[in-house]
Amino acid sequence: MNKKQNSKQKIQKLAENDARPERAIQPTELLNDTLRRIFGCELADATQKQVYRALCISVRELLTEKNRVFGNRCTEKERKEVYYMSMEFLVGTSLRNNLFNLGLEAEFRKALADAGFDIDEIYAIDPDAGLGNGGLGRLASCYMDAATGMDYPMTGFSIRYEFGIFKQKIVDGWQMEFPDNWLEMGDVWLQAREDDAVEVKFGGEVREWMDNDRFKVAQVGYSSVMAVPYDMYISGYDSDAANRLVLWSAKLPQSFDMAAFSRGDYVRALERNAMAETISKVLYPADDHIQGKRLRLKQQYLLVSASLQSILKKHYKKYRTYTNLPEKVAIHINDTHPALCVPELMRLLIDEHDFGWDEAWDITCRTLSYTNHTVMSEALERWNVDLFREQLPRVYSICQEINRRLIEHLCAVYPNDWGKINYMAVIANNEVRMANLCLAACHKVNGVSKLHTDILRNGIFRDYCQITPERFLNVTNGIAYRRWLCQSDPLLTDYLKQLIGGDFLRDARALEKLLPYQNDEKVLADLMAIKRKNKERLAALIENQNGVRVDPDSIFDIQIKRLHEYKRQLLNILHVLYLYRQIKANPHGDFMPRTFIFAAKASAGYIRAKQIISLIVAASKLINNDPDVNDKLKVVFLEDYKVSLAEIIIPAADISEQISIAGKEASGTGNMKLMINGAVTIGTLDGANVEIHEQVGDENIFLFGMKAHEVEELWQRGYHPTEFITPELQAVLDMLTSGVLGQRFDDLVDSLLTNRFGTADPYMTLADFQDYARAQRDVAAVYQDKQRFARMSLINIAKAGIFSSDRAVKEYADEIWNLD
Ligand code: CR6
């Protein structure tokens, strides 16, 4: 038997063995085997990069085999499967996560060390797969991990962007974007399946005709793009399952090239090729915002059409019918980006599989479900009718028919209420509205936190909810805490294992076993010592990247998330300047030393957000170089926020800034990651902060600001920001316009005070300022009492279990997808 077969069989045997298959693996043997196959060398003479690739390939092969066995088992048992459609999966790095999940971390660490390699250096080679913007994309990845850990058959579908979220650099205080060529190293995780490529049709027109008394419709004169699937295998903690994330890549069909080649038109053929391939070139870098670009619509259709075609093909092969689709398949629409699932599934059933409208509609509705992730009006996707019809003529004609029938129905439910009917329509005012398309079809619609779902029910989706309230439910977001706690904070994890046992690794609710220790001085001191170590690690990174020395004994106050006005990084930095002025006025006063740490990317075209970054950077220059405040106040902006950077920042946080204007942050998930690492929240009652507050109680959170209904009431009454300006706050605003920051921020101040750009202070930063400053004073006062703060921190860790993505995925599985 040759070596290749030998290793394949070994893996197969391992994967088929139910009881912890990976336990039997010999890391050195496996690595040497892969190195010989791929590079013709062994550990003794391999380079670090070769070892990295060989390690990834070994893990990938292990997972491939697990996936095959798991898939067969699911097919045998005819288990219902879920397909999670999402334009974003913010995977982050894979190697450490996979080894951890497979229970192989320690073995490989040792084997590599024996061969003279440091596994942490090898981890550092693994690039972040940044195929997402922020919370929504990371949530999708957390759900894949959790579903796999719980043995649910779940496949993710997305796009194989050649360039993920851009790399951020700050040049002269201004954000610059650089391409993220993640595939250079990251391709090692992907397995192409050229033979399973699927044709996707754009443009052309709709032709209708009669065929033996049957009415037929088809799209003609279209141009084709081939979608090629690439598999990325997803592991689950201590689980027999392995699932797949399928990423589609756009390619021109072969036949097309040939025609041009035969005319000798080589350059044009290549040009066309490049045009087709731009569809999967780059991730759109806007978060909570739409741009309405043609290329983006094409990306969405590529994802939806290719995925649905492959789902239907697999289903038919298994069951030889489509009528049982809703019993065996759940397709989830992650935000409206894949909302084209509604008309595309209709199109495939009607045009390609001969269903009549009513039966196709019944199958479509019972198969699809939808999660809404925002109430921000600028993020609700709407497509210009002309653009939509030009690119997707047949899909458009189906949308028209959906709309016609919908309006007929609504006229019966809300007779003569044209305002309402117009608001609920799928096509109106020359636009196709993607949220209404989902609301018209999906059998379940959910929000992502209690408050957010209430706002959907009583606010933007009220009219739909009134007709069928049973379709609307809440599933509060959750996080893959094995990545965000266990892997990113090994010190805390090991300590917890010793103190309360390892149950929490399987069930996050077991973290509550920490509660009885809340008055145990030794435990509180140990927790503080661990936090201090993590702060030292972050301080070293800050010194290395920013050349700024920060004191690990100061309060590490952290705001990390996308830069968006509603998230109010501006409120934070204005308050920092306010503190700066206080210290300057009283340099010998008793002041709790604090370090304010920011990291955030702004969407490339979002100028106001970029100005806020500049302000933070300018403030940090002024403050960090002022000897009067030096040991008391520091401000740091860390470049290029991404999953792997978050994994280092979060364990070092004392204070978690969750300060969005109430009613706007659908949930937030950073708030949960920081909490489970022992950070205490300073926040508004917004998104999942409401539920964090429910868990920890008034005593263990610093709440401030208006509640969602108070925000609404103030808008009703009329909001005049200048009424909220005290002399101290005015002095801070003056700093922005005076030039002391090295440049002037007139635009930012204008946006707070005048109507020149629309509403003055649209996120009510000034209205909440005083109470925020009060809450920050409370933070400083409490922190003086180290034990009291440590107790708050302990309670936050102990009560964070409910925010596990295991809980969230189980709710989806039980209440939305009806998985067994
Ligand atoms: N920007 C919400 O704003 C939520 C995530 C995941 C967001 C955020 O509050 O936690 O989704 N929304 O549900 C969108 O992306 C549209 C986000 O990440």
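Residues numbered from 1 in each chain as written. Predicted model: local features only at pLDDT ≥ 70, side-chain atom pairs only at ≥ 80, totals over all residues. Heavy atoms only, no water.

(A) Fine view of the overall build of the protein. In terms of regular secondary structure, the protein is built from 34 helices and 25 strands. Overall, the protein is about 90 × 75 × 60 Å in size when its C-alpha atoms are taken along their principal axes. Within the protein, the fraction of its 820 residues that count as buried is 61%. Between the mean site of the 101 positive side-chain charges and the mean site of the 114 negative ones, the protein shows a separation of 3 Å. (Helix = DSSP H or I, 4+ residues; strand = E, 2+ residues; numbered from the N terminus. Buried < 20%, exposed > 50% of the residue type's maximum accessible area, 1.4 Å probe, protein only. Lys, Arg positive; Asp, Glu negative; His and termini not counted. Charge placed at Lys NZ, Arg CZ, Asp CG, Glu CD.)

(B) Spatial organisation of the site of the ligand. Near the ligand you find 15 residues, and of these Leu136, His373, Asn477, Glu665 and Gly668 are the closest. In this structure, a nitrogen atom belonging to the ligand sits 3.3 Å away from a side-chain N or O atom of Asp287. At 2.8 Å from an oxygen atom of the ligand is found a main-chain nitrogen or oxygen belonging to Gly668. Protein burial of the ligand: of its 400 Å² of free accessible surface, 95% is covered by the chains. No fewer than three residues from each of domain 1 (78-93 + 128-476 + 810-817) and domain 2 (527-800) sit in the shell around the ligand. (Near = heavy atom within 4 Å. Polar contact = N/O pair within 3.5 Å; in protein donor to acceptor, adjacent residues only side chain to side chain. Areas by Shrake-Rupley, 256 points an atom, 1.4 Å probe, with all protein chains shown as cover. Domains from an automatic or database assignment.)

(C) Expanded view of the sheet that holds strand E21 (residues 594-599). Spatially, six strands are ordered E22-E21-E20-E23-E24-E25 in an open sheet, and the strand pairing comes out parallel. Looking along the sheet, the strands with just one partner apiece sit at the ends: strand E22 (633-638) and strand E25 (702-703). Where E21 and E22 come together, six bridges link them in parallel fashion. Bridge assignment links Thr595 to a residue of E22, and that residue is Lys634. Sheet strands touched by helix H33 (residues 786-798): strand E23 (655-658), strand E24 (680-683) and E25. Its angle to E24, the strand with the most contacts, is close to 90 degrees. (Pairing = 2+ DSSP bridges. Contact = heavy atoms within 4.5 Å. Axes fitted to C-alpha atoms, helices over the stretch in contact; angles between N-to-C directions.)

(D) Seen up close, the packing of helix H24 (residues 569-585) against helix H32 (residues 765-784). Orientation of H24 relative to H32, taken along the N-to-C sense of each, is 60 degrees, at an axis distance of 10 Å. With respect to their mutual orientation, H24 and H32 come out oblique. When you trace H24 past H32, the crossing you get is right-handed. Facing H24, whose interface residues are Leu571, Asn572, Leu574, His575 and Tyr578, H32 presents Thr765, Phe769, Tyr772, Ala773, Gln776 and Arg777. Of the residues belonging to the contact of H24 with H32, the class tally is six nonpolar, four polar and one charged. (Parallel < 35°, antiparallel > 145°, perpendicular 65-115°, else oblique. Left-handed = near helix turned anticlockwise from the far one by under 90°. Nonpolar A, V, L, I, M, F, W, Y, C, P; charged D, E, K, R; others polar.)

(E) Representation of a nonpolar patch on the surface in the model. Together, Val171, Trp174, Met176, Phe178 and Ile607 line one region of the surface with nonpolar side chains, adding up to about 390 Å² of accessible area. Top element by residues in the nonpolar patch is strand E6 (residues 174-178). It accounts for three residues. Along the chain, Trp174 turns up in strand E6. (Patch = residues over 30% accessible without salt bridge, like charges linked within 9 Å, V, L, I, M, F, W, Y side chains within 5 Å. Salt bridge = Lys/Arg side-chain N within 4 Å of Asp/Glu carboxyl O.)

(F) Just the domain arrangement of the protein, in detail. Domain annotation for the protein reports domain 1 (78-93 + 128-476 + 810-817) and domain 2 (527-800). When each unit is reduced to the centre of its C-alpha atoms, the spacing between domain 1 and domain 2 is 36 Å. Counting from both sides, the interface comprises 34 residues of domain 1 and, opposite them, 38 residues of domain 2. The closest approach of N and O atoms between Lys450 and Glu694, which form a salt bridge, is 2.9 Å. Linking domain 1 to domain 2 there are 16 residue pairs in polar contact (both at pLDDT 80 or more).

(G) Focus on the environment of His315. Mapped onto the elements, His315 comes out in helix H11 (residues 294-319). Residue His315 is classed as buried on the basis of its relative accessible area, which comes to 3%. Along the primary structure His315 and Lys328 are separated by 13 residues, whereas in three dimensions their C-alpha atoms are 8.3 Å apart. In this structure His315 touches Arg320, Thr321, Tyr322, Asn324, Leu325, Lys328 and Val329, once residues within four positions along its chain are discounted. Separated by 2.6 Å, the side chains of His315 and Asn324 make a polar contact.

(H) Here's a closer look at the sheet that holds strand E15 (residues 382-384). A sheet is described by the order of its strands in space; here three strands give the open sequence E15-E17-E16, paired in antiparallel fashion. The open sheet has two free edges, formed respectively by E15 and strand E16 (427-428), since each of these has just one partner strand. Bridge count for E15 against strand E17 (residues 431-433) is three bridges, and the pairing is antiparallel. Note that in E17 the partner of Trp383 across the bridge is Val432. Seen against the sheet, helix H18 (residues 434-441) touches E15 and E17 and runs at an angle of roughly 45 degrees to E17.

(I) Local environment of unusual backbone geometry. For Asp335, which is not a glycine, the phi torsion comes out positive at approximately 65 degrees. Within the secondary structure layout, Asp335 lies in the loop between strand E13 (329-334) and helix H13 (341-352). Its identity as a non-glycine residue notwithstanding, Arg568 has a phi of 60 degrees, on the positive side. Here Arg568 is to be found in the loop between strand E20 (555-560) and H24.

(J) Looking closely at the pairing of strand E14 (residues 368-371). Every second residue of E14 is oriented toward a common face, with Leu368 and Tyr370 on one face and Ser369 and Thr371 on the other, all of them buried. Pairing analysis gives four bridges linking E13 to E14, with the strands arranged parallel. Along E14, the bridge assignment pairs Ile331 with Leu368. Sheet analysis places E14 next to strand E18 (residues 444-447), joined by three bridges and oriented parallel. Bridge pairing in E18 places Tyr370 opposite Val445.

(K) Quick look at the packing of aromatic side chains. Summed over all chains, the structure comprises 17 aromatic pairs. Measuring from centroid to centroid gives 6.0 Å for Phe157 and Trp248, while their planes differ by 10 degrees, and the two rings are stacked. Of the two residues, Phe157 sits in strand E4 (residues 154-159) while Trp248 sits in strand E12 (residues 242-251), which places them 91 residues apart along the sequence. The same class applies to Phe157 as to Trp248, namely buried. Ring centres of Tyr783 and Phe789 lie 4.8 Å apart, and the angle between their planes is 65 degrees; this geometry places the pair in the edge-to-face category. We note that Tyr783, like Phe789, is buried. (Phe/Tyr/Trp six-rings, centres within 6.5 Å; stacked < 30°, edge-to-face > 60°.)

(L) Region of interest: the pairing of E13. Counted residue by residue, E13 has six buried out of six residues, so it is predominantly covered. In this structure, strand E1 (residues 81-85) lies alongside E13, joined through five bridges in parallel fashion. Directly across from Tyr84, in E13, lies its bridge partner His332.

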